[in-house]
Amino acid sequence: MLPTGAAPGGRRGRGTAVRLRRGVPPGGDGGVPRGRPLAGGGATARERWAQALYAPPRRPKADPGPTTWAGRSAHDGPVTKPVVETADLTKRYSRRTAVDAVGMRIREGEIYGFLGPNGAGKTTTLRMLLGLVRPSAGTARVLGAAPGDPGTLARVGMLVEGPAFYPYLSGRDNLRVFARYARAPASRIDEVLKTVDLSDRADDRAARYSLGMKQRLGVAAALLNDPELLVLDEPTNGLDPAGTADMRDLIRDLGAGGRTVLLSSHLLGDVQQVCDRVGVIARGRLVREGTVRELRGGGSLRVVAAESEDARAVAERLYGPDRVSAREGALHLAVDAAEAPRLSRELVRADVDLHAIGWHERSLEETFFEMTASADGAER
Ligand SMILES: Nc1ncnc2c1ncn2[C@@H]1O[C@H](COP(=O)(O)OP(=O)(O)OP(=O)(O)O)[C@@H](O)[C@H]1O
Ligand SMILES: [Mg+2]
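What you are looking at is a predicted structure, and each value in this text was computed from that prediction instead of being measured.

**Q** Let's hear about the overall build of the protein chain: which residues, and what values?
**A** The number of helices and strands found in the protein chain is 12 helices and 14 strands. Within the protein chain, the fraction of its 380 residues that count as buried is 40%. Taking all contacts inside the protein chain whose residues are at least 6 apart in sequence as the whole, residues at least 24 apart take part in 71%.

**Q** Let's hear about the sheet that holds strand E9 (residues 277-282): which residues, and what values?
**A** Hydrogen bonds between backbone groups are what pair the strands of a sheet, and the pairing can be parallel or antiparallel. The six strands lie next to each other as E6-E7-E8-E4-E9-E10, forming an open sheet whose pairing is mixed. The open sheet has two free edges, formed respectively by strand E6 (156-159) and strand E10 (285-291), since each of these has just one partner strand. Each strand axis lies, on average, 15° off the axis of its neighbour in the sheet, ignoring direction. In this sheet, strand E8 (residues 260-265) lies alongside strand E7 (residues 229-233) in parallel orientation, the contact comprising five bridges. Within E8, the position partnered with Leu229 by the bridge is Thr260. Contacts from helix H2 (residues 122-129) reach strand E4 (111-115), E7, E8 and E9 within the one sheet, and its direction differs from that of E7 by about 150°. Packing against the sheet, helix H6 (residues 211-223) makes contact with E6 and E7, and its axis sits at approximately 165° to E6.

**Q** Describe the pairing of E10, listing the residues and the values that go with them.
**A** Pairing analysis gives six bridges linking E9 to E10, with the strands arranged antiparallel. Bridged to Ala282 within E10 is Arg285.

**Q** Quick one: what's the story with the packing of helix H10 (residues 308-319) against helix H11 (residues 340-349), residue by residue and with numbers?
**A** Where H10 contacts H11, the axes come no closer than 10 Å and their chain directions differ by 130°. Considering their axes alone, H10 and H11 lie oblique with respect to each other. When you trace H10 past H11, the crossing you get is right-handed. Where H10 approaches H11, its residues Ala311, Val314, Ala315 and Leu318 are matched on the opposing element by Leu343, Glu346 and Leu347. Taken together, the residues of the contact of H10 with H11 sort by class into six nonpolar, no polar and one charged.

**Q** So what's going on with H2? Which residues, and what values?
**A** In terms of residue burial, H2 counts as a mostly covered element, since eight of its eight residues are buried. Every buried residue belonging to H2 is among Lys122, Thr123, Thr124, Thr125, Leu126, Arg127, Met128 and Leu129, and all of these are buried. Two residues or fewer past H2, Gly131 is found with a positive phi of approximately 75°.

**Q** Please provide a residue-by-residue account of the sheet that holds strand E11 (residues 299-305), values included.
**A** Read across the open sheet, the four strands follow the order E12-E13-E11-E14; overall the sheet is antiparallel. Of all the strands in the sheet, just strand E12 (324-327) and strand E14 (354-361) have a single pairing partner and so form its edges. Taking each pair of neighbouring strands and ignoring which way they run, the sheet shows an average axis angle of 25°. Bridge analysis of E11 against E14 gives seven bridges, and the strand direction is antiparallel. Residue pairing across strands places Leu301 opposite Trp359, the latter belonging to E14. Packing against the sheet, H10 makes contact with E11, E12 and strand E13 (330-333), and its axis sits at approximately 5° to E13. The sheet strands contacting H11 are E11 and E14, and the helix crosses E14 at an angle near 155°.

**Q** Just give me the short version of the nonpolar core, but keep the residues and values in it.
**A** Of all hydrophobic cores here, the largest spans 70 residues; its most connected members are Ala220, Leu224, Val231, Ile251, Val261, Leu262 and Leu263. The biggest single contributor to this core is H6, with six residues. If sequence neighbours within four positions are ignored, Val261 has contacts with Ile111, Tyr112, Leu230, Leu232, Ile251, Leu254 and Gly255. Of all hydrophobic cores here, the second largest spans 14 residues; its members include Ala305, Ala330, Leu331 and Leu343.

**Q** Just give me the short version of unusual backbone geometry, but keep the residues and values in it.
**A** One non-glycine residue with positive phi stands out, namely Leu143, at about 50°. Mapping Leu143 onto the fold places it in the loop between strand E5 (137-142) and helix H3 (150-153). Of note, the phi angle at Asp197 is positive, near 60°, even though the residue is not glycine. Topologically, Asp197 is positioned in the loop between helix H5 (186-195) and H6. Exposure remark for Asp197: the 21 C-beta atoms within 10 Å place this residue in the buried category.

**Q** Break down the pairing of E11 for me, citing the residues and quoting the values.
**A** By the bridge criterion, three bridges tie E11 to E13 in an arrangement that is antiparallel. Residue pairing in the sheet places Arg302 in a bridge with His332 of E13.

**Q** With reference to specific residues and values, describe the site of ligand 1.
**A** With respect to spatial proximity, 13 residues lie near ligand 1, and among them Tyr93, Ala98, Lys122, Thr123 and Thr124 are the closest. The biggest single contributor to the shell around ligand 1 is H2, with three residues. Split into classes, the residues belonging to the shell around ligand 1 amount to three nonpolar, seven polar and three charged.

**Q** Mind laying out the confidence of the model for the protein chain, listing which residues take part and the relevant values?
**A** Model confidence for the protein chain is summarised by a mean pLDDT of 79, while 77% of its residues fall at 70 or above. Note that pLDDT drops below 50 for residues 45-78; the model gives that stretch 43 contacts with residues more than four away or on any other chain.

**Q** Go over the environment of His355 with me, naming the residues and quoting the values.
**A** The residue His355 is located in strand E14 in this model. The spatial distance from the C-alpha of His355 to the C-alpha of Ala305 is 5.2 Å, given a sequence separation of 50 residues.

Cut-offs used in this document
Residues numbered from 1 in each chain as written. Chains lettered and ligands numbered in written order. Predicted model: local features only at pLDDT ≥ 70, side-chain atom pairs only at ≥ 80, totals over all residues. Helix = DSSP H or I, 4+ residues; strand = E, 2+ residues; numbered from the N terminus. Buried ≥ 20, exposed ≤ 12 C-beta atoms within 10 Å, placed from the backbone. Contact = placed C-beta atoms within 7 Å. Pairing = 2+ DSSP bridges. Axes fitted to C-alpha atoms, helices over the stretch in contact; angles between N-to-C directions. Parallel < 35°, antiparallel > 145°, perpendicular 65-115°, else oblique. Left-handed = near helix turned anticlockwise from the far one by under 90°. Nonpolar A, V, L, I, M, F, W, Y, C, P; charged D, E, K, R; others polar. Core = buried A, V, L, I, M, F, W, Y, C linked by C-beta atoms within 7 Å. Near = placed C-beta within 6 Å. pLDDT = per-residue confidence, 0-100.

Shown next as structure tokens:
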């Protein structure tokens, strides 16, 4: 039995949300007819793909297998292991390098934000991880196996570049189709509908769904197999602020309880509010990986003075030119906040009119623009 009930501290306005517990296999067949096997001679390519994707979960044995998991660094913490690990992962389309030697690590149970501007290579990377496109070079391990391994795909849920549904079927009937591929019990359909807050509209045709509802139905389909790894490619794309906030809340809930979530986005807000760790990709390159706090990289002492050149000279004399930069009408000093009294005394002594001095915490946005602007300019 899968547990149901309201999630503690759950999403706003969604008292009915179900907290899914990962690692609990669906309770037998649940009395649901399995139907004919779809991989037989008459199956279409789409059906064969879906069957591989939604085959019943094979839970990992005690030993995860691949030796690449052995080399944990102290930074990983004691209980985590990579769910996704790549080395020099590269995809070239003729002369264009869409993904350039990406080495990323996603740990078990975290919500990992894959952040980058349009065309940075997010979807291409996700497609490689899911076995949808073949890398030109490099390696990747997903849940301990090569990308696209059928046993692994059964443990992965995905929503990549918008869900595709039968428009003339209801949301519920669409899920029935996918549940058959997944060999998930019928009871699972109501659970996932409840999780994404679509129970009330489950019997409407999918064609009549709003964009936000379609996205949520896509997430519901991705949850049918109770995946250990959930891959969501820009799930907030095109949603209004309320829909975006709902989707963020939903993702936060889905990442609770041990499930690993890989969330790609070009929206800093998604990443800042939802993710445990972030990988920033720009022009195909992974330029940084770390927690939001690590990526922000602290702050600076911000000084606004009437005679900014004089102020700069004082600051450079005290701390050296490398620690002083000017932006947006202020000086920024890479020094400790405790330097403020000493610096103000020195500025006053040098006859500089000081308008403001204070600690400035960098936003992820500032860091993001710096990182993506400084990424090496391979031709797009
Ligand atoms: N099938 C393809 N053939 C040729 N080039 C491609 C193909 N797929 C992607 N690209 C190129 O690879 C680069 C990365 O594209 P990708 O879709 O991975 O970016 P993205 O980060 O997902 O962008 P967005 O935020 O717009 O979705 C782009 O320059 C794109 O034009
Ligand atoms: Mg994309």
